[in-house]
Amino acid sequence: LTQVREMVYHAMNHASIAIWGFFNEGPSDLDESCRSYATTASTIKSMDTTRFTSYAGNKKVDACYGTVDVISRNAYPGWLSRYVDAKTF
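In this text, all values refer to a predicted model and were calculated from it rather than measured experimentally.

A. Quick look at the sheet that holds strand E2 (residues 52-57). Taken in spatial order, the three strands of this open sheet run E1-E2-E3, and their pairing is parallel. Looking along the sheet, the strands with just one partner apiece sit at the ends: strand E1 (19-24) and strand E3 (70-73). Across the sheet, the mean angle from the axis of one strand to that of its neighbour is 25°, orientation sign disregarded. Here E2 runs beside E3; their pairing, made up of four bridges, is parallel. Note that in E3 the partner of glycine 57 across the bridge is arginine 73.

B. Inspection of the packing of aromatic side chains at higher detail. A full pass over the atoms with the stated rule returns five aromatic pairs. Here the aromatic rings of phenylalanine 22 and phenylalanine 23 are separated by 5.0 Å at their centres, their planes lie at 75°, and the arrangement is edge-to-face. In this structure phenylalanine 22 comes out as buried when scored by relative accessible area, which is 8%. What makes phenylalanine 23 partly exposed here is its relative accessible area of 36%. A ring pair is formed by tyrosine 37 and tyrosine 55, whose centres lie 4.6 Å apart and whose planes are at 70°; its orientation type is edge-to-face. Here the residue tyrosine 37 occupies a position in helix H2 (residues 34-47), and tyrosine 55 occupies one in strand E2, the gap between them amounting to 18 residues. What makes tyrosine 55 buried here is its relative accessible area of 3%. Cluster of aromatic residues (ring-pair linked, three or more members): Phe22, Phe23, Tyr37 and Tyr55.

Conventions we followed
Residues numbered from 1 in each chain as written. Predicted model: local features only at pLDDT ≥ 70, side-chain atom pairs only at ≥ 80, totals over all residues. Heavy atoms only, no water. Pairing = 2+ DSSP bridges. Helix = DSSP H or I, 4+ residues; strand = E, 2+ residues; numbered from the N terminus. Axes fitted to C-alpha atoms, helices over the stretch in contact; angles between N-to-C directions. Phe/Tyr/Trp six-rings, centres within 6.5 Å; stacked < 30°, edge-to-face > 60°. Buried < 20%, exposed > 50% of the residue type's maximum accessible area, 1.4 Å probe, protein only.

Dropping the structure here:
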């Protein structure tokens, strides 16, 4: 959480920040991970209540959507189509 606090502290006055993003394609499909997502989001909110929070998810089923204000999805249709069925996104 130290890095999250430093990120918010150092960038808080940048007018171009609308959403604080954290965790890129982490294990958000696991219920036991949601505590970390919620703790990170609440740490950010304790420092800045004026902006939204989000993380980038890429799981078919995501257990942690309720921990943030904005749902952000990473999808790679076409690019990874030989690995993932693009219709699932």
